[in-house]
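# Examination of the molecular architecture
Single-letter residue listing:
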Amino acid sequence: MPRPHFVLVLACMAVLMAGAVRSACAQTATDLFDVGTLQEIRLLVNSRDLALLRQNYGLNTKYPADLLWRNLRVRNISVRSRGFGSRNPTKLGLHIEFDHYTTGQRFLGLRSLVLKNEWQDPTLIRDQVAMAFFNRMGQPASRESFGRVYINNEYQGVYGIVENIDEDYVTRTLGENTGYLFEFHWQDFWHGEYLGDDLAAYKPRFEPRTHALESDTQLYSSIRDLFLEINGADDTVWRDRVERLLDLRQFITLVAIEVYLSEWDGLTGNWAMNNFYLYRRAGSSVQLFLPWDRDRAMTQMTGDMSIFERTDDNVLFHRAIAYSDLRDLYLTVLEQCAQAAVQDDWFRTTVARSVSVIAAAAYQDTKKHFTDAEYDAETQGLMGFAGVRPAFVLQEVARARRGSQ
Amino acid sequence: MTTSGLSRLQKCRLSRPFCAGAGWSLVLAAGMTLVSAPVVSAAAREAPEGGITAPRFAPQDPASSQSNATTEKKPKDDKPQKEEKPPKEKKKKGAVQFLFVPHPSLRVGKQVQVDFRARVRGEANRSDAASADQSRLDLERRRVGIEGELLKAVAFQVSRETTGTDPWREAWVDYEQFTFARAQWGLFKLPFSVDENTGATNQDFASRSLAANALAPGRARGWMLHGQVFNHALGYEYGVFDHDGHNAYTNNPGRVTGASTTAWRLTSQPLRRIKSKWTDLEVGYGSTTSDLVEGFSSIKGQTVLGEDFYASHFLVNGARRRTSYELRFRPGPFSLKSEFIRVTEERLGEGVEDTALSPLVAEGWYMSGTWAVTGETKSDGLTEPIRPLARGGIGALEVAVRLEQLSFGSEASFAAPGETGSTSPRADVVLGNSDRALTLGVNWYPNRYLKLQFNVIKEQLTDPSQGPLPGTSSFWSRVIRLQLGF
């Protein structure tokens with residue numbers, strides 16, 4: 001018969017092991033995107049690959065790696081350099097695919113992940129705060145958190161851990177993933193003008209992320225038709241035709257949120273249209289805009305950016321806002337944004353929490369693009385934006401309503 | 001006695017006859033001509049002016065069988081050709097003769113002999129796994145060459161295809177004065193794998209085994225010591241070559257193949273002194289070692305008809321090692337042949353943590369059997385039918401069957417077959433694949449010049465997504481090959 005203390009030890013071990021198993025199994029994407037926790041992600045990359053990755057950071061060449069998070073190790077993932085203006089060899093922006101080399105492999109249910117270097121954002125938190133606000137306003141948005149990133153055990157700095165827009169993302173946000181998903185690539189100052197009948201003009205701007213092997217006609221006809229109708233001359237049929245190809249109200253809502261956030265690099269940004277995905281549901285011609293990469297939100301930290309700033313430049317918005325119900329929708333969403341920002345002091349609290357989560361790691365981040373002083377000043381600026389923007393927007397909306405009466 | 005007991009030239013005839021091709025129609029036409037030609041050839045052989053009816057250099061390639069069988073009966077005689085000496089001629093010493101025995105041959109006395117050889121081969125293949133345009137599977141090959149012996153001490157052979165970017169097949173000299181130690185230099189096949197070193201003409205099937213095609217090195221330029229020791233009980237071959245053979249060689253700069261290669265092979269007939277059917281039993285072991293620079297391996301898996309089913313996505317660095325175990329047994333009209341080949345490729349420093357990964361592994365095996373229905377003795381070869389077609393017989397008829405498998409992976413993936421493999425260049429558990437094939441064949445030798453083969457092949461892939469028909473794991477193929485030559 002076993003001794004009592006031996007049985008006790010066995011029982012304790014069983015409990016501990018059960019706890020360990022449960023904690024391992026309980027880890028989900030929600031844990032990874034818990035913004036209240038500074039995550040730690042370690043990548044293991046062969047030293048020769050890492051040298052090539054830094055050397056050729058302008059290319060999208062994929063390299064094999066392993067990812068470690070908590071007690072999980074995901075083997076045989078692919079990493080590549082990413083970003084447009086944020087690409088650099090010092091603090092690499094990284095795009096990770098879990099199933100590139102291993103069919104069906106997922107990490108916490110995710111097919112891919114972006115480690116955003118926040119190279120262009122002195123505060124390192126703009127994108128996370130903006131996406132959280134889109135989400136608060138009921139729009140599809142990537143989940144984001146922050147993490148210390150190490151490559152081969154060398155600290156790379158504070159990164160945004162960003163849910164990539166892929167099939168899993170549209171499943172989560174739109175409830176289906178069989179449609180056509182395109183990533184927009186900035187080519188030039190394009191405000192939505194018609195690019196002509198040749199589908200080739202649309203290909204470099206819209207990269208298919210699903211159905212990539214289908215013909216150009218299947219992929220791009222709806223996009224070409226959309227911009228053809230957006231630029232249609234006949235006002236009497238304009239809205240009807242455009243709404244067959246685009247969720248116009250969703251577009252107006254999206255622009256309103258962006259404008260509230262004083263976004264400089266979005267649909268009505270300083271460099272024309274940028275940073276979005278387009279999704280067309282399966283069996284439908286109606287398309288949706290999905291916001292992406294909002295690290296230039298709140299750039300005008302004084303909070304006094306006009307609610308019609310640059311909106312006339314965009315062909316689609318300019319035509320749409322001429323309809324009174326859409327104009328009213330736009331103003332209403334702006335009002336809702338202001339209310340959502342101040343309700344429970346959400347905006348200021350969110351900014352403060354994010355700052356507190358990353359502060360220590362940010363000061364240790366020697367690869368970041370800005371100095372500690374700039375970091376401090378900009379984070380203070382965000383707090384100021386959070387305080388000023390709601391009232392300013394409400395004032396502008398009220399003025400606009402009076403003007404339209 | 002092992003084949004190592006033969007002169008290098010004889011062995012070459014056994015194992016590396018010319019094979020060639022002409023247009024399919026040309027082959028058919030020529031074949032029809034030769035079907036009715038043997039009478040002439042036979043008459044020529046028997047004609048006194050033919051001079052040599054059983055020359056030192058057996059006129060037919062299948063040498064493997066014939067000259068080997070001859071030597072087997074007199075194991076102590078390292079020059080079995082003596083009994084094949086032509087009728088004594090009263091010729092002047094050093095006289096120059098041009099003979100057809102039955103191939104063209106130039107003789108200068110007894111000291112110089114140069115034989116002229118040619119082969120044409122046509123092949124038509126059809127496979128359920130091939131692309132819609134199957135005409136590309138039809139093959140034509142033509143090969144010409146010379147071989148001979150000087151001063152009864154130096155053998156040589158030069159042969160090449162008449163087309164192709166890499167036409168040279170054999171180009172070597174062999175100093176073979178002493179049985180126990182001979183030396184060969186030039187371009188020839190590395191001493192590895194009995195199947196790879198059996199010439200296309202003498203293959204029991206239209207194509208070599210998957211293992212030999214993919215894993216044996218093939219030919220390369222180098223030198224080799226070889227011979228027979230312990231009263232012919234043991235044959236040895238040891239050579240050093242520029243690279244590890246044309247089978248794995250590639251011009252693709254993204255792929256790497258073995259550099260300087262050391263190869264050796266031991267063969268033995270352990271029961272050769274026992275007078276029984278088992279005398280012919282021969283076993284062998286071979287090994288090669290090459291250096292691999294860092295890169296993607298050039299070794300790939302192909303189906304019997306050459307469709308890719310595995311392309312290595314994995315970086316290698318270190319050494320490539322091959323080992324083979326072989327067995328051959330030919331009692332009467334039957335034969336049994338089997339071989340196991342394993343290739344490992346090191347991956348030093350290729351892990352994501354700069355550590356070594358488990359080596360890539362490719363393994364292949366086959367077992368084949370044949371039965372000469374018309375009664376010919378397999379070890380004597382079937383190219384001399386008991387009743388040739390032109391003499392009222394049907395020629396020699398043989399049925400054959402082969403079961404084989406070729407598998408790719410890494411040591412880690414072979415050790416954990418349930419684990420999902422990856423195509424990552426630095427994966428430890430790699431995504432492998434394997435092909436198992438069953439081949440049924442009929443070989444027909446109407447006469448010594450002509451050979452017709454018909455094969456039906458059933459193949460099954462473990463992972464069809466990497467194969468020619470994604471989603472379909474098994475498929476059938478059919479091959480007809482016509483070969484003629486002298």
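Scoring rules and cut-offs
Residues numbered from 1 in each chain as written. Chains lettered and ligands numbered in written order. Predicted model: local features only at pLDDT ≥ 70, side-chain atom pairs only at ≥ 80, totals over all residues. Helix = DSSP H or I, 4+ residues; strand = E, 2+ residues; numbered from the N terminus. Buried ≥ 20, exposed ≤ 12 C-beta atoms within 10 Å, placed from the backbone. Contact = placed C-beta atoms within 7 Å. Rg over C-alpha atoms; globule rule 2.2 N^0.38 Å. Expected span 1.5 Å × (residues − 1). Bend = angle between axes of the 7 residues up to and from the residue. Pairing = 2+ DSSP bridges. Axes fitted to C-alpha atoms, helices over the stretch in contact; angles between N-to-C directions. Nonpolar A, V, L, I, M, F, W, Y, C, P; charged D, E, K, R; others polar. pLDDT = per-residue confidence, 0-100. Domains from an automatic or database assignment. Core = buried A, V, L, I, M, F, W, Y, C linked by C-beta atoms within 7 Å.

### So, the overall build of chain B
Helix and strand counts for chain B stand at six helices and 21 strands. Per-residue burial for chain B yields a buried fraction of 51% across its 486 residues. Across chain B, every contact between residues at least 6 apart in sequence was considered, and the portion connecting residues at least 24 apart equals 67%.

### Quick word on the overall build of chain A
Each helix and strand counted, chain A has twelve helices and eleven strands in total. Relative to the globule expectation of 22 Å for 405 residues, the C-alpha radius of gyration of chain A, 23 Å, shows essentially globular dimensions. Referenced to the eigenvectors of the C-alpha coordinate spread, the extents of chain A come out at roughly 90 × 50 × 50 Å. Sequence separation of at least 24 residues holds for 67% of the intrachain contacts in chain A that already meet a minimum separation of 6.

### Observations regarding helix α11 (residues 346–364) of chain A
Residue and element names in this part refer to chain A. For α11, which comprises 19 residues, the first-to-last C-alpha distance of 28 Å matches the rise-based estimate of 27 Å (1.5 Å per residue) to within 8%. For α11, the principal kink sits at isoleucine 358 and spans about 50°. Listed in full, the buried residues belonging to α11 are Phe347, Thr350, Val351, Ser354, Val355, Val357, Ile358 and Ala362.

### As for the sheet that holds strand β6 (residues 144–151) of chain A
Residue and element names in this part refer to chain A. Read around the closed barrel, seven strands run β1-β2-β3-β4-β5-β7-β6, paired in mixed fashion. Here the strands of the sheet are splayed against their neighbours by 40° on average, with no regard to which way each runs. Pairing of strand β4 (residues 94–97) with strand β5 (residues 112–116), which is carried by four bridges, proceeds in the antiparallel orientation. Looking at the pairing, glutamate 97 lines up with serine 112 of β5. Helix-sheet contacts for α11 involve β1 (38–44), β6 and β7 (154–163), and the interaxial angle to β7 is about 140°.

### A closer look at the interface of chain A and chain B
Between chain A and chain B, the contact holds ten residues from the first and eleven residues from the second. Take the side of chain A that touches chain B: its biggest share by element is three residues, from strand β2 (residues 63–69) of chain A. For the side of chain A that touches chain B, a count of residues per class yields five nonpolar, four polar and one charged.

### Comments concerning the confidence of the model for chain B
Residue and element names in this part refer to chain B. Residue-level pLDDT values for chain B average 80, and 79% of them are 70 or greater. Segment residues 1–89: pLDDT under 50, and 202 contacts once partners within four positions in sequence are set aside and those in other chains are kept. As a predicted assembly, this complex carries a pTM of 0.81 together with an ipTM value of 0.83.

### Structural notes on unusual backbone geometry
Residue and element names in this part refer to chain A. The phi dihedral of asparagine 152 is positive, around 50°, even though this residue is not glycine. Note that asparagine 152 resides in the loop between β6 and β7. Its 16 C-beta neighbours within 10 Å are what place asparagine 152 among the partly exposed residues. The phi dihedral of asparagine 153 falls on the positive side, at around 70°, and the residue is not glycine. By the secondary structure assignment, asparagine 153 is in the loop between β6 and β7.

### A few points about helix α10 (residues 324–342) of chain A
Taking 1.5 Å of rise per residue, the 19 residues of α10 of chain A would be expected to cover 27 Å, and the 27 Å separating its terminal C-alpha atoms lies within 8% of that figure. Immediately beyond the C-terminal end of α10 of chain A, within one or two residues, lies aspartate 344 of chain A, with a positive phi of roughly 55°.

### Remarks on the domain arrangement of chain A
All names here are of chain A. Taken as a whole, chain A is organised into domain 1 (32–163) and domain 2 (176–344 + 384–404). Using C-alpha coordinates to define each centre, domain 1 is positioned 27 Å away from domain 2. With 15 residues of domain 1 in contact, the opposing surface of domain 2 contributes 16 residues. Across the side of domain 1 that touches domain 2, the residue classes tally to eight nonpolar, two polar and five charged.

### Some words on the sheet that holds strand β11 (residues 287–291) of chain A
All names here are of chain A. Taken in spatial order, the four strands line up as β9-β8-β10-β11 in an open sheet, and their pairing is antiparallel. Only two strands of the sheet have a single neighbouring strand rather than two, namely β9 (206–208) and β11. Between one strand axis and the next, the sheet turns through 30° on average, direction left out of account. Packing against the sheet, helix α6 (residues 216–230) makes contact with β8 (180–184), β9, β10 (276–280) and β11, and its axis sits at approximately 155° to β9.

### Some points on the nonpolar core
Core analysis: the largest hydrophobic core is formed by 101 residues, its most contacted members being Val45, Ala256 and Leu334 of chain A. No fewer than three residues from each of domain 1 (32–163) and domain 2 (176–344 + 384–404) of chain A sit in this core. In this view, leucine 334 of chain A contacts Ala256, Val259, Tyr260, Ile307, Val393 and Val397 of chain A; residues no more than four positions away in its chain are not counted. Core analysis: the second largest hydrophobic core is formed by 39 residues, Leu210, Ala216, Ile341 and Val361 of chain B among them.

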